[in-house]
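Examination of the molecular architecture
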Amino acid sequence: MKPQNLLLDSKNQEAFDIVEFAVETYKKDKPFVIGITGAGGAGKTTFGKNIECYYGPEMCISIDLDDYLISREMRGKLEVSGYNPKSNKLYAARKNIEDLKTMKTIQKPNYNHATGKVLPPVTVGPKELIIIEGVTTLYPELIELYDLSFFLDAKEETQLKSRIERDVNQRGYTIDEALSLFHNLKPEYEKFIAPTKNLASVVFDVGPDYIMHPTHIDKKFKET
């Protein structure tokens, strides 16, 4: 299975070389699943979408695990953040991914960040390459589903820059709200997400220029 299009993110050629080597070496006759995780604002969605563009939408699909969040109202009642496993329909996500791996069409949940509400599900068909990205990607309920996984270890300044750009410009937050959310989530990040770094096939250090420098690569994903 070869990429179908030019690489949109040439500054991160090394990251895509790892993807290409892994797919070429280990993809068999069933879908190949790539997991991407890291802090909010680390560039997970961008990385996933660029892989999808690189291989082409006919062959690849990217799924955002944020769509498996319960509503913001319900999270408030439970007094839990979006990083908490209780805020996420992880077993629904697992079932959806398992179905896609066996070439079944799914009804994927749909979450609106601007309103914090859960929308009607959308129909998603299977593809040869499946990208799963989100903060919960390597939680215990989902860890065994991936053929290759990435942890984007973003510096704090990178997270802040991205959060302000995304939360303010795309999700309707004020700058103060975006900054407050970042600081309030730091303990939750350390508790739930940071430990999953040790489970990833590949770890990238991500600076404010969004260049991904590998700090760990499992031996099986290194070209010899």
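Now for a look at the structure at hand. (Residues numbered from 1 in each chain as written. Predicted model: local features only at pLDDT ≥ 70, side-chain atom pairs only at ≥ 80, totals over all residues. Heavy atoms only, no water.)

What follows is about the overall build of the protein. The secondary structure content of the protein amounts to 6 helices and 8 strands. Ordered by position from the N terminus, the helices and strands of the protein form the series α-β-α-β-α-α-β-β-β-β-α-α-β-β. Whereas a compact globule of 224 residues would reach a radius of gyration of roughly 17 Å, the protein reaches 17 Å, a difference of no more than 12%. Counting only C-alpha atoms, the protein reaches 50 × 35 × 30 Å along its principal axes. When burial is assessed residue by residue, the protein has 51% of its 224 residues classed as buried. Long-range pairs, those at least 24 residues apart, make up 72% of the contacts in the protein between residues at least 6 apart in sequence. Considering the protein, the positive charge centre built from 30 side chains and the negative charge centre built from 33 side chains are found 4 Å apart. (Helix = DSSP H or I, 4+ residues; strand = E, 2+ residues; numbered from the N terminus. Rg over C-alpha atoms; globule rule 2.2 N^0.38 Å. Buried < 20%, exposed > 50% of the residue type's maximum accessible area, 1.4 Å probe, protein only. Contact = heavy atoms within 4.5 Å. Lys, Arg positive; Asp, Glu negative; His and termini not counted. Charge placed at Lys NZ, Arg CZ, Asp CG, Glu CD.)

Attention now moves to the pairing of strand E7 (residues 202-206). Taken across its 5 residues, E7 has 4 buried, putting it largely inside the fold. Relative to strand E8 (residues 212-217), E7 is paired through 5 bridges, and the arrangement is antiparallel. Directly across from Asp205, in E8, lies its bridge partner His213. The turn joining E7 and E8, which pair antiparallel and follow one another in sequence, is formed by 5 residues; a positive phi near 60 degrees is taken by Tyr210. (Pairing = 2+ DSSP bridges.)

Below, the discussion takes up unusual backbone geometry. If you check the backbone angles, Glu79 has positive phi at about 60 degrees while not being a glycine. Along the polypeptide, Glu79 turns up in the loop between helix H3 (72-78) and helix H4 (90-101). In this structure Glu79 comes out as exposed when scored by relative accessible area, which is 73%. Even without glycine at this site, Met103 takes up a positive phi of about 65 degrees. Relative to the assigned elements, Met103 resides in the loop between H4 and strand E3 (106-112). Overall, Met103 belongs to the partly exposed group, its relative accessible area being 43%.

What follows concerns the pairing of E3. Looking down a regular strand, the side chains alternate between one sheet face and the other. As judged from the 6 bridges shared by E3 and strand E4 (residues 117-124), these two strands associate in the antiparallel manner. From the neighbouring strand, Tyr111 faces E4, where its bridge partner is Val118.

Take helix H2 (residues 44-55) next. Over its 12 residues, H2 extends 17 Å from the first C-alpha to the last, a length consistent with the 16 Å expected when each residue adds 1.5 Å. Turning to H2, its buried residues number three or more, namely Lys44, Phe47, Gly48, Asn50, Ile51, Glu52, Tyr54 and Tyr55. Note on H2: the residue one or two positions beyond its end, Gly56, has a positive phi of about 95 degrees. (Expected span 1.5 Å × (residues − 1).)

Before going further, it helps to spend a moment on H4. Residues that lie three or four places apart on an α-helix share one face, since the helix turns once every 3.6 residues. Relative to the 16 Å expected for 12 residues at 1.5 Å per residue, H4 spans 16 Å between its end C-alpha atoms, a close match to the ideal helical length. Along H4, the residues classified as buried are Leu90, Ala93, Arg94, Asn96, Ile97, Asp99 and Leu100. Those residues of H4 that are buried are in contact with strand E1 (32-38), strand E2 (60-64), E3, E4 and strand E5 (129-133). The positive-phi residue at the C-terminal boundary of H4 is Met103, with phi of around 65 degrees.

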